[in-house]
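Notes for the structure review
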Amino acid sequence: MELITVEMIAPCGVDCGACSVHQRAKAPCPGCNSLIEDAKTEARSRCRIKSCLQSKGLHPADHAFCEKFPCRRMRSLDERYRLKYAASPADNLRTIRDRGIDAFVLDETVRWTCTQCGARLSMHKEACPVCDTNWRNGKTDQF
């Protein structure tokens, strides 16, 4: 199991370690903060949230301290993630602001670990990839 690290927290507050694109076996995404230029997807290389933070001289971990947080773009992203994935990037950023990045990373490691088998969960899939436990409601989908 991969441990969540500070580097895996995207500027928008998404935990890249809990992303199915990062977890895939073939050509996984290295995460939004990766320094590997040739591995960056087009979307990551032109991320408006990251660019906005850089233009204001803010470190991604300080996003919630921005005077416009949450801006329209952040509210839109947060609404989409809440509806589709039961996750809130804006709440993630508030937790980072209020409790610190290290506490948040520990919380995320627990949150995205299957309580049944210990495998890494994905926010994009409702069931554990190993034991098929539905993490949203704690039920096992196996028959």
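This text follows the structure it describes.
Now for a quick tour of the structure. Think of each chain on its own: its residues are numbered from 1, step by step along the sequence as written. Side-chain atom pairs in this predicted model are given and counted only at pLDDT of 80 or more, local residue features only at pLDDT of at least 70, and totals for whole chains, interfaces and linings cover all residues. Excluding hydrogens and water, the side-chain values take into account all heavy atoms of the structure.

Comments concerning the pattern of salt bridges
By definition here, a salt bridge exists when the distance from a side-chain nitrogen of Lys or Arg to a carboxyl oxygen of Asp or Glu is within 4 Å. Enumeration over the complete set of coordinates arrives at 6 salt bridges. Linking Arg 82 and Asp 91 is a salt bridge whose minimum nitrogen-to-oxygen distance equals 2.9 Å. One salt bridge connects Asp 98 with Arg 97, and the closest N-O pair in it is separated by 2.9 Å. Here the residues in one salt-bridge network are Asp 78, Arg 82, Asp 91 and Arg 94, joined through shared partners.

Details of the nonpolar core
Within this scheme, the nonpolar core is defined by two criteria: the residues are buried Ala, Val, Leu, Ile, Met, Phe, Trp, Tyr or Cys, and they are joined through side-chain atoms within 4.5 Å. The classification of residues rests on relative accessible area computed with a 1.4 Å probe and restricted to protein chains. Under 20% of the type maximum is buried, over 50% is exposed, and intermediate values are partly exposed. Membership of the largest hydrophobic core comes to 30 residues, with the highest contact counts inside it found for Cys 12, Phe 69, Met 74 and Met 123. Listing elements by their share of this core, those giving two or more residues are α3 (48–55), α4 (72–85), α5 (89–99) and α6 (101–111). By definition, any uninterrupted DSSP run of H or I lasting at least four residues is a helix, any uninterrupted run of E lasting at least two residues is a strand, and each is numbered from the N terminus. Looking at this core element by element, the count peaks at 4 residues for α4. Sequence-distant contacts of Cys 12, defined by excluding residues within four places in its chain, comprise Ile 49, His 63, Met 74, Leu 77, Pro 89 and Leu 93. Note on definitions: a residue-residue contact is assigned when non-hydrogen atoms from the two residues lie within 4.5 Å.

Some points on the state of the cysteines
Two cysteine sulfur atoms make up a disulfide if the distance between them is within 2.5 Å. What the rule picks out here adds up to 0 disulfides. You can see Cys 19 has no disulfide; the closest cysteine sulfur is in Cys 29, sitting 6.5 Å from it. You can call Cys 19 buried: its relative accessible area is 17%. There is no disulfide at Cys 71, and the cysteine sulfur nearest it, in Cys 52, is 6.3 Å away. Under the relative-accessibility criterion, Cys 71 is labelled partly exposed at 27%.

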